[in-house]
Amino acid sequence: MGSPAQVMGHGGHGEMSMAGMVRDMRNRFLVAVVLAVAVTLWSRIGRDVLGFTAAAPFGWTRLGQLLSQELNRRGFTYLSLRQNLALTGRDLDEVMGRKVLAAVAGLVLSLLAMTAFQLALGLPLPLGAPLPLSLAAAAGCFFLPDFEVAKQATVRREDFRRALGAYLDLVALEMAGSSSAEAALVSAAKVGAGWPMALLRDTLYRASRSGRDQWTALTELGERIGVAELRDLGALV
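Calculation criteria
- Residues numbered from 1 in each chain as written.
- Predicted model: local features only at pLDDT ≥ 70, side-chain atom pairs only at ≥ 80, totals over all residues.
- Heavy atoms only, no water.
- Salt bridge = Lys/Arg side-chain N within 4 Å of Asp/Glu carboxyl O.
- Buried < 20%, exposed > 50% of the residue type's maximum accessible area, 1.4 Å probe, protein only.
- Helix = DSSP H or I, 4+ residues; strand = E, 2+ residues; numbered from the N terminus.
- Patch = residues over 30% accessible without salt bridge, like charges linked within 9 Å, V, L, I, M, F, W, Y side chains within 5 Å.
- Areas by Shrake-Rupley, 256 points an atom, 1.4 Å probe, with all protein chains shown as cover.
- Contact = heavy atoms within 4.5 Å.

Peer 1: I would appreciate a short explanation of the pattern of salt bridges in the present structure.
Peer 2: Two side chains bearing opposite charge may form a pair once their charged atoms approach each other closely. According to the stated counting rule, one finds 12 salt bridges in the structure shown. With a closest N to O distance of 3.7 Å, Glu94 and Arg90 form a salt bridge. Exposure remark for Glu94: the relative accessible area of 22% places this residue in the partly exposed category. Across the pair Asp146 and Lys99 runs a salt bridge, and its minimum N-O distance is 2.4 Å. Of this pair, Asp146 sits in helix α8 (residues 144-176) while Lys99 sits in helix α6 (residues 92-121); the two residues are 47 residues apart in sequence, bridging distant segments of the chain.

Peer 1: Sorry, what's going on with a nonpolar patch on the surface here?
Peer 2: Nonpolar side chains collect at one region of the surface, where Phe143, Leu144 and Phe147 lie side by side and expose about 330 Å² of accessible area between them. The residue Phe147 is located in helix α8 in this model. Here Phe147 falls in the exposed class, since its relative accessible area comes to 57%.

Peer 1: What am I meant to see in the environment of Thr88 here?
Peer 2: Note that Thr88 resides in helix α5 (residues 79-88). Setting aside residues up to four positions removed in sequence, Thr88 forms contacts with Val149, Gln152, Ala153 and Arg156.

Peer 1: Help me out: how do you make sense of unusual backbone geometry in this one?
Peer 2: Positive phi is not limited to glycine here, since Tyr78 has a value of about 55°. One can find Tyr78 in the loop between α4 (60-73) and α5.

This is a description of form; function is not addressed.
Set out below in structure tokens:
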């Protein structure tokens, strides 16, 4: 049976003393701390919690744009994410950049945690041992911005559906008063308040200015924000 160092994967040509291994882990820990601080400062935590407003030394939005372009070329359209972003008013490239930032943060912080764990217990592992877990953490963190956007969009989509029901009731009342369908759409949108009605008004206004069919414009709006009721309404007329 080999020595304890060889059993733990540190034997042979690359064998080092326990003090050397501790020093190696401490160096990795310090590097991970520096990277973790940098990632945290330019993340949402740094902006919203710590009040850190300095511009990043590198363009996360530009990186997100390159990533979205590459994924689009490979057939990944991110339709659900795009629909959620249309409701929340956020930019796809900005969110894709934050996905990359979250993945980097997950990678660095998991490496930091595992290195600290090794230092605390004094159980050095082979150099590449933490990598699979760190990559898994990075992959999980990559999708965290999607969940955040989806949560915001779910609330706004429900608000829009409630407003849409009231809007359609107003359209029916206008048409019962001998108004045409097109005139009823515009008149009913002028009555209600709130951002859903404002979005409907803006959609109808833009359609009228460009000479496009209003029902088609409503169908496209339903597709863009992921509201099936509005999309199907425009398609049935």
